[in-house]
Amino acid sequence: MDSQGDIREFLSSRRARLTPDKAGLPAYGGNRRVPGLRREEVAMLAGVSVDYYNRLERGRISGASDSVLEALADALQLDEAERVHLFDLARRSASSGSARRKPSRPDTVRPVVQQVLDSITGAPAWVRNARHDHLAHNQLGRALYSPVLTDPRRPANSARFIYLDPAAQNFFVHWERAADDIAAMLRSEAGRHPHDQNLQDLIGELSTCSEDFRRRWATHNVRFHRTGVKRLHHPVVGDLTLNFEAMALSSDPDLTLLVYTADPHTPSADALRMLAAWAATEEEATTVAERSRTAPGEK
């Protein structure tokens, strides 16, 4: 990926969205040529020279101290995810001359992680990597994400489903938000791990095949997605409004455990129970079919 280009586009896009009023600056003159702050205004807010800020926004951020980066983040009013991304881009720029491709991150889970998932019986749970590959599920998690798992490629991938499978717009009640979120999370991940070849291949596939993804990728938005509410329309049980928590696995920091719950005594709680019953029936039917295929003497 183009390190200098990413820095330039990220800083200029953050500057463009910040008005003088939001930055606490007087807006001299009524005819401004830029949609947001001028470069000299950002430089003043960050306490650096205009020449130095121009150098930073051209992508020459290698060597910038942490204090300068923090001042820049304050001046541009970056949120937590954006601050982390700025530091990731700076580290990437500093190491770009000697960077080497690194092995891709995990695409399997340890047996004990699957045991943890299987012990969660009342809520959908699953594990993904930062590319949003579906690596492992409990029974209810497989049932909840059955539309995603219809993709014959393994591991199934949420980003590929959202952007390339028409079924996604029925499955995600707020599809636009889901599409915004996953593009922003992939952008964050690309800043952290620019040499993950599988990630680059996924971004290339989505950029080639989806105008919706290209448009969102070009915004350089980044986002954390740790907790919230997800609204889904499941083909078996209908609408679900679920709370979710995303937790990094301390022994596998590139993996995230997600658990979904429904508020008690709600239609979504009833729908989850129906989904659990359906999942148990489907799994039993699959087991019986597999046994019949392998039983000796069967024709």
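As a reminder, the structure under discussion sits directly above these lines.
This report concerns the structure included in the present document. Not measured: the values here are computed from a predicted model.

Here is what the cut-offs are and how they apply
Residues numbered from 1 in each chain as written. Predicted model: local features only at pLDDT ≥ 70, side-chain atom pairs only at ≥ 80, totals over all residues. Heavy atoms only, no water. Buried < 20%, exposed > 50% of the residue type's maximum accessible area, 1.4 Å probe, protein only. Helix = DSSP H or I, 4+ residues; strand = E, 2+ residues; numbered from the N terminus. Pairing = 2+ DSSP bridges. Core = buried A, V, L, I, M, F, W, Y, C linked by side-chain atoms within 4.5 Å. Contact = heavy atoms within 4.5 Å. Axes fitted to C-alpha atoms, helices over the stretch in contact; angles between N-to-C directions. Parallel < 35°, antiparallel > 145°, perpendicular 65-115°, else oblique. Left-handed = near helix turned anticlockwise from the far one by under 90°. Nonpolar A, V, L, I, M, F, W, Y, C, P; charged D, E, K, R; others polar. Salt bridge = Lys/Arg side-chain N within 4 Å of Asp/Glu carboxyl O. Phe/Tyr/Trp six-rings, centres within 6.5 Å; stacked < 30°, edge-to-face > 60°. Lys NZ or Arg CZ within 6 Å of the ring centre and 35° of its normal.

## Some thoughts on the pairing of strand S1 (residues 125-129)
Argument step 1. Counting buried positions over the five residues of S1 gives five, a clear majority of the element.
Argument step 2. The alternating pattern of S1 places Ala-125, Val-127 and Asn-129 and Trp-126 and Arg-128 on opposite faces, both of which are buried.
Argument step 3. In terms of strand pairing, S1 meets strand S5 (residues 252-261) through five bridges, oriented antiparallel. In the sheet register, Ala-125 faces S5, and the bridge partner there is Val-259.
Argument step 4. Sheet topology note: the S1/strand S2 (residues 134-137) ladder contains three bridges and is antiparallel. For Trp-126, the partnering residue across the bridge sits in S2 and is His-137.
Argument step 5. The turn joining S1 and S2, which pair antiparallel and follow one another in sequence, is formed by four residues; a positive phi near 70° is taken by His-132.

## Describing the nonpolar core
Argument step 1. Counting 43 residues, the largest nonpolar core has Leu-144, Ile-162, Tyr-163, Phe-172, Leu-186, Phe-213 and Tyr-260 as its most contacted members.
Argument step 2. It is helix H12 (residues 175-192) that provides the largest number of residues to this core, a total of eight residues.
Argument step 3. Apart from residues no more than four positions distant in its own chain, Phe-213 is found in contact with Tyr-163, Ala-183, Leu-186, Ile-203, Leu-206 and Ser-207.
Argument step 4. Formed by 27 residues, the second largest nonpolar core is a distinct cluster that contains Phe-10, Leu-18, Ala-46 and Phe-87.

## Focus: the environment of His-220
Argument step 1. Relative to the helices and strands, His-220 resides in the loop between helix H14 (211-217) and strand S3 (227-234).
Argument step 2. Spatially, the C-alpha atoms of His-220 and Ala-168 are 23 Å apart, while their sequence positions differ by 52 residues.
Argument step 3. With sequence-adjacent residues up to four places away left out, His-220 is seen in contact with Asp-6, Glu-9, Phe-10, Ser-13, Arg-14 and Arg-187.

## Here's the deal with the packing of H12 against helix H13 (residues 197-209)
Argument step 1. At their nearest, the axes of H12 and H13 sit 11 Å apart, and the two run at 140° to each other. Considering the angle they form, H12 stands oblique to H13. The handedness of the crossing between H12 and H13 comes out as left-handed. Contacts between H12 and H13 involve Leu-186, Glu-189 and Ala-190 from the former and Leu-199, Leu-202, Ile-203 and Leu-206 from the latter.
Argument step 2. Tallied by class, residues from the contact of H12 with H13 come to six nonpolar, no polar and one charged.

## Considering the side chain of Glu-41
Argument step 1. As for its position among the elements, Glu-41 is in helix H3 (residues 39-46).
Argument step 2. Assessed through its relative accessible area of 10%, Glu-41 is described here as buried.
Argument step 3. Discounting chain neighbours no more than four positions away, the residues touching Glu-41 are Leu-25 and Arg-32.

## Section: the pattern of salt bridges
Pairing between side chains becomes possible if they bear opposite charge and their charged atoms approach one another.
Argument step 1. Within the structure shown, the criterion is met by 25 salt bridges.
Argument step 2. Between Asp-151 and Arg-153 there is a salt bridge, with its nearest N and O atoms 3.4 Å apart.
Argument step 3. The buried category is assigned to Asp-151, whose relative accessible area is 19%.
Argument step 4. Given a relative accessible area of 43%, Arg-153 falls into the partly exposed group.

## Here we look at the side chain of Arg-92
Argument step 1. You can see Arg-92 is positioned in helix H6 (residues 80-95).
Argument step 2. The class for Arg-92 is buried, based on a relative accessible area of 8%.

## Quick look at the packing of aromatic side chains
Argument step 1. Tallied over the full model, the rule gives 10 aromatic pairs.
Argument step 2. With a centroid separation of 5.1 Å and 80° between ring planes, the pair formed by Phe-171 and Phe-172 is classed as edge-to-face. Both residues of the pair, Phe-171 and Phe-172, belong to the buried class.
Argument step 3. Centroid distance Phe-213 to Trp-217: 5.4 Å. Interplanar angle 25°. Geometry classified as stacked. Of this pair, Phe-213 and Trp-217 both sit in helix H14, four residues apart, which is roughly one turn of that helix.
Argument step 4. With relative accessibility at 0%, the residue Phe-213 sits in the buried group.
Argument step 5. One aromatic cluster in this structure is built from Trp-126, Tyr-145, Phe-161, Phe-171, Phe-172, Phe-244 and Tyr-260.
Argument step 6. A cation over an aromatic ring shows up here: Arg-187 above the ring of Trp-217, its NZ or CZ 3.8 Å from the ring centre.
Argument step 7. Between Lys-230 and the ring centre of Phe-244, over which it is positioned, the NZ or CZ distance is 5.3 Å.

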